[in-house]
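An overview of the molecular structure
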Amino acid sequence: MAKEQKTNLIKIGVILPLTAIGTDYGNKMKTGLELALKKIETEIPSNNKIKLIYEDEQANPAMAVNAINKLINIDEVKIIIGPAFSDSVLAVTPIAEKNKVVLIAPASGADQIKFAGDYIFRNRVSASAIGEYTAEFAFKNRKTREISILFQNSSNMIDYKNAFINKFQELGGKVLFESTFERGEKDFRTQLIKLKESNSANAFITGHVNELGFILK
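Attention here is on the structure that accompanies the text. (Residues numbered from 1 in each chain as written. Predicted model: local features only at pLDDT ≥ 70, side-chain atom pairs only at ≥ 80, totals over all residues. Heavy atoms only, no water.)

Turning our attention to the packing of helix 2 (residues 61-73) against helix 3 (residues 86-98). Between helix 2 and helix 3, the shortest axis-to-axis distance is 8 Å and the interhelical angle comes to 35 degrees. For the pair helix 2 and helix 3, the crossing hand works out as right-handed. Where helix 2 approaches helix 3, its residues Pro61, Ala64, Val65, Ile68, Asn69 and Ile72 are matched on the opposing element by Asp87, Ser88, Ala91, Val92, Ile95 and Ala96. Considered class by class, the residues forming the contact of helix 2 with helix 3 number nine nonpolar, two polar and one charged. (Axes fitted to C-alpha atoms, helices over the stretch in contact; angles between N-to-C directions. Helix = DSSP H or I, 4+ residues; strand = E, 2+ residues; numbered from the N terminus. Left-handed = near helix turned anticlockwise from the far one by under 90°. Contact = heavy atoms within 4.5 Å. Nonpolar A, V, L, I, M, F, W, Y, C, P; charged D, E, K, R; others polar.)

Attention shifts here to the side chain of Gln191. In this structure, Gln191 sits in helix 6 (residues 189-197). When its relative accessible area of 8% is taken as the criterion, Gln191 is described as buried. A polar contact of 3.0 Å, which involves the side chain of Gln191, links it to the side chain of Glu185. What Gln191 contacts, discounting residues up to four positions off in sequence, is Leu150, Phe177, Ser179, Thr180, Phe181 and Glu185. (Buried < 20%, exposed > 50% of the residue type's maximum accessible area, 1.4 Å probe, protein only. Polar contact = N/O pair within 3.5 Å; in protein donor to acceptor, adjacent residues only side chain to side chain.)

Spatially, three strands are ordered 7-6-8 in an open sheet, and the strand pairing comes out parallel. In this open sheet, the two edge strands, each paired with only one partner strand, are strand 7 (174-181) and strand 8 (203-206). With direction set aside, neighbouring strand axes in the sheet form an average angle of 15 degrees. Summarising the sheet, strand 6 (residues 146-152) and strand 8 pair through four bridges and their orientation is parallel. Within strand 8, the position partnered with Leu150 by the bridge is Ile205. Running over the sheet, helix 5 (residues 155-171) touches strand 6, strand 7 and strand 8 and is turned about 165 degrees from strand 6. Strand contacts of helix 7 (residues 209-216): strand 6, strand 7 and strand 8, with the helix running at about 150 degrees to strand 8, the strand carrying the most contacts. (Pairing = 2+ DSSP bridges.)

We now examine the sheet that holds strand 3 (residues 79-81). Sheet strands associate in pairs through backbone hydrogen bonding, adopting either a parallel or an antiparallel arrangement. Spatial ordering of the open sheet is given by 2-1-3-4-5, a layout of five strands whose pairing is parallel. Looking along the sheet, the strands with just one partner apiece sit at the ends: strand 2 (48-56) and strand 5 (120-122). In this sheet, neighbouring strand axes are inclined to one another by 25 degrees on average, regardless of whether the strands run parallel or antiparallel. Across two bridges, the pairing between strand 1 (residues 8-16) and strand 3 is parallel. Each bridged residue has a counterpart across the sheet, and for Gly13 the counterpart in strand 3 is Ile80. Helix-sheet contacts for helix 1 (residues 23-41) involve strand 1, strand 2 and strand 3, and the interaxial angle to strand 2 is about 175 degrees.

Our next topic: a nonpolar patch on the surface. A surface patch of nonpolar side chains, amounting to about 230 Å² of accessible area, comprises Ile79, Ile104 and Phe121. By secondary structure assignment, the location of Ile79 is in strand 3. Take Ile79: its relative accessible area is 32%, and that puts it in the partly exposed class. (Patch = residues over 30% accessible without salt bridge, like charges linked within 9 Å, V, L, I, M, F, W, Y side chains within 5 Å. Areas by Shrake-Rupley, 256 points an atom, 1.4 Å probe, with all protein chains shown as cover. Salt bridge = Lys/Arg side-chain N within 4 Å of Asp/Glu carboxyl O.)

Below, the discussion takes up empty space enclosed by the protein. One pass over the full model with this rule turns up one cavity of 30 Å³ or more. In this structure, the largest cavity encloses a volume near 40 Å³. Secondary-structure elements contributing two or more residues to the lining of the largest cavity are helix 1 and helix 7. Here the element with the most residues in the lining of the largest cavity is helix 7; it accounts for three residues. Here the residues of the lining of the largest cavity are counted per class, giving four nonpolar, three polar and three charged. (1 Å grid on protein atoms, 1.4 Å probe; cavity = no way out; pocket = protein on both sides within 12 Å on 5 of 7 lines; lining within 4 Å. Points joined across faces, edges and corners; volume = space filled by probe spheres on them.)

Moving on to the pattern of salt bridges. Applying the stated criterion across every chain, the model contains eight salt bridges. Across the salt bridge formed by Glu43 and Lys39, the nearest N and O atoms sit 2.6 Å from each other. Two residues, Glu136 and Lys140, come together in a salt bridge whose shortest N-O distance is 3.6 Å. Remark: Lys140 and Glu136 occur in helix 4 (residues 127-141); sequence separation between them is four residues, near one turn of the helix. The exposure class of Glu136 is partly exposed, given its relative accessible area of 28%. Overlapping salt bridges bring together Glu136, Lys140, Lys167 and Glu170 as one network.

On their own, these measurements won't tell you what the molecule is for.
Quick look at the structure:
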């Protein structure tokens, strides 16, 4: 009689914004994880089971901290995917590092993440690298010499902005105007009026999709 195989349960914590602000990012990431899980389950031994344990952090660093503490102390996970946004990632990385829990940030670009610890990873380039590339493209390819800037007040977007300005000015460009906005903001008339008054024909804008949609409209 064949010996029954013992089921090996692999628990993976997932911290994403699934409600409130950031759902457009969080739910797409959840869909991707579910698709990946279905594929992986067809390729691993039948006695291995993967369980994704979701926690909704609503793009709120304080809620992200609550989520990671619950996943580590109650669910006892050793691997976490998320959060989505840099501010939440930076809030939870000290906890993951202290508990030797591997954390993989799927979409966060803040420069500080690279210094967060040996257990912290991400799968995209840093915000500074993209900011510098965009500045070079604007100056060299688009022949832009003067520009105005709007940026969202978050770790990731500030790194985009700073890297862009430093590179653009290093190349010989001039920044005519600079202003910020908050996540969740919907009325940008004040910033856009001042941008127009700067007489700049070009703008570099960093932010998330909801805010950018209102600005572009």
